[in-house]
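Coordinate analysis (summary)
Residues per chain, in single letters:
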Amino acid sequence: MAEVSAKSFIPESLPGATADIAGQIGMLWELIRAPLIVPLLRISVYICLAMSIMVFIERLYMGIVIILVKLFWKKPEKRYKWEAMEDDLESGSAAFPMVLVQIPMFNEKEVYKISIGAACNLSWPADRMVIQVLDDSTDLLIKDMVEKECIRWASKGLNIRYQIRETRGGYKAGALKEGLKHDYVKECEYVVIFDADFRPEPDFLRRSIPFLVHNPDVALVQGRWRFVNANECLLTRMQEMSLDYHFKVEQEVGSSTHAFFGFNGTGGVWRIAAINEAGGWKDRTTVEDMDLAVRAGLKGWKFVYLGDLQVKSELPSTFKAFRFQQHRWSCGPGNLFRKMVMEIVKNKKVSLWKKFYVIYSFFFVRKIIAHMFTFFFYCVVLPLTILVPEVDVPKWGAIYIPCIITTLNSVGTPRSFHLLFYWILFENVMSFHRTKATFIGLLEAKRANEWVVTEKLGDALKNKSNKKATSKKLPRFKLGDRILLHELGFAVFLFVCGCYDFLYGKNNYFIYLFLQVITFTIAGFGYVGTIVPSS
């Protein structure tokens, strides 16, 4: 195979000065290549292969368990005691426990009516339910709209409370914690949380609360998310594929084998006593939901996941909103792992096997290694081995194991199987953001506690489209806001590696590299997801 040097991409017709510079760079490259670059790159390959094996074993384990669960495990209604909640003619609604419904929101102009309306339509005795709208909005107009909506439902006989705070301290965790301090909450045994874009079915409480009523060791019942805008654009389809695997496999496996999984922050019912015993809501990370779940799990509480208890919600459909969400979801677990790993190790209330599961499987492999392996191997190490042919990547590591991992990931959304290849390319792009966020969390760097509320468009885009149809004004896009230099930088790097492989390589990696270049370029220019006009 031809040797790579700085002259490989320099046309011979360039002036002599440029040629001399290229020659000096080439000499420097040859000097450090054998003693430094080759050993470092070879070590990087070994580390990436080790990480790929870890992810592969984790995916294979969950694949086997989920098959066994579907074939042989009893359904949650059979594994736990469950009896339907029914009206009693003698005692009336007194047989139903008091339930608090919390709806945290922040400037949710497009979706606040949907979530409040869905909560008010829950099939539960009105005198046994308190709906608490926790409004942290900074827009006074929106606050007024939300308050009027609460008054409208209160006039219909619903016990709905509109609560605001002076500051947004603690963000969502702070709002939920503050909401539990009110005197009227003391009568409530359970609390269900719905984010502002969530719309539960009327029977949500009647199907979930019995698990808590009849099983005193159960702290949490989690429903599954479904997405009303999954077909809006390719970005939402990609998210659906990732989240369906999370719910159908990861949550189901955790619930069936260890009665533990990460609370998703919404669409779930908590026993208030369990929240209090675990130390309440904490705002030390951007994943207050996972933080509470881990602390409650270490106290010995059990969690139940109901895959057929579905709650409709909205996926972020703009690339900017999605990136901010993924930063929070990747940075938070890394930061929480840093803060809790020794607490988990020293815990004496749970078994050694469960502690191993939480530290290794739940945190280390899924929340840290999976992001780093995807980014470093496919976007850095594998392309660099093309420029340094002395370092070889075995076919099983470069092709076979990744194909099996991808196939196992696809079981969550069979209808999107034809999008699998593009999903891989897109996940590689997003792995850069997730890896960066994970390091920020692990090192507790500057953006570790950055909280940006995920933008919900609701019907806003549809309304804008209708307005544009009646107006001759063309939409103005702020191109400068959409240019992402990191993505474009990786596109250039991969393009150089792809060109060299095309000219001198023998593994035909350039096919993958050029496709990845296209994906990075599309993302770099912001042409991902729904593009909302600025006016």
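Per an unreviewed UniProt entry, the protein goes by glucomannan 4-beta-mannosyltransferase and derives from Forsythia ovata. Turning to the protein, the UniProt annotation filed under Sequence similarities (unreviewed entry) states: "Belongs to the glycosyltransferase 2 family. Plant cellulose synthase-like A subfamily." In its Catalytic activity (unreviewed entry) section, UniProt records this for the protein: "GDP-mannose + (glucomannan)n = GDP + (glucomannan)n+1."

1. Notes on a nonpolar patch on the surface
Residues Leu 60, Ile 64, Ile 67, Leu 68, Leu 71, Phe 72 and Trp 73 make up a contiguous nonpolar surface patch of about 690 Å² in total accessible area. Considering the arrangement of structural elements, one finds Ile 67 in helix H1 (residues 16-72). Note on Ile 67: relative accessible area 48%, which makes it partly exposed.

2. Regarding the environment of Lys 367
Within the secondary structure layout, Lys 367 lies in helix H11 (residues 352-387). With relative accessibility at 16%, the residue Lys 367 sits in the buried group. Expressed as a C-alpha distance, the spacing of Lys 367 and Thr 438, which sit 71 residues apart in the sequence, is 8.0 Å. Residues contacting Lys 367, with those up to four places away along its chain left out, are Met 290, Pro 333, Phe 362 and Thr 438.

3. Thoughts on the UniProt feature "domain: Glycosyltransferase 2-like" (unreviewed entry) in the protein
Mapped onto this structure's residue numbering, the UniProt feature "domain: Glycosyltransferase 2-like" (unreviewed entry) falls at residues 190-384. Along residues 190-384, the helical share is 58% and the strand share 16%, with 54 Å between the first and last C-alpha atoms.

4. Side note on the pairing of strand E2 (residues 129-135)
Both faces of the sheet carry side chains from a regular strand, because those side chains alternate between them. Counting buried residues along E2, 7 of its 7 residues qualify, which places the element largely inside the surrounding structure. Burial of the side chains of E2 extends over both faces: Met 129, Ile 131, Val 133 and Asp 135 are buried on one face and Val 130, Gln 132 and Leu 134 on the other. Bridge analysis of strand E1 (residues 99-105) against E2 gives 7 bridges, and the strand direction is parallel. By the bridge assignment, Pro 104 is partnered in E2 with Leu 134. What joins E1 to E2 is helix H3 (residues 112-120), and the crossover it makes is right-handed. In terms of strand pairing, E2 meets strand E3 (residues 160-164) through 5 bridges, oriented parallel.

Quick notes on the rules
- Residues numbered from 1 in each chain as written.
- Predicted model: local features only at pLDDT ≥ 70, side-chain atom pairs only at ≥ 80, totals over all residues.
- Heavy atoms only, no water.
- UniProt positions renumbered as here; feature names shortened; annotations may be inferred.
- Patch = residues over 30% accessible without salt bridge, like charges linked within 9 Å, V, L, I, M, F, W, Y side chains within 5 Å.
- Areas by Shrake-Rupley, 256 points an atom, 1.4 Å probe, with all protein chains shown as cover.
- Salt bridge = Lys/Arg side-chain N within 4 Å of Asp/Glu carboxyl O.
- Helix = DSSP H or I, 4+ residues; strand = E, 2+ residues; numbered from the N terminus.
- Buried < 20%, exposed > 50% of the residue type's maximum accessible area, 1.4 Å probe, protein only.
- Contact = heavy atoms within 4.5 Å.
- Pairing = 2+ DSSP bridges.
- Right-handed = clockwise from strand over helix to strand, strands pointing away.

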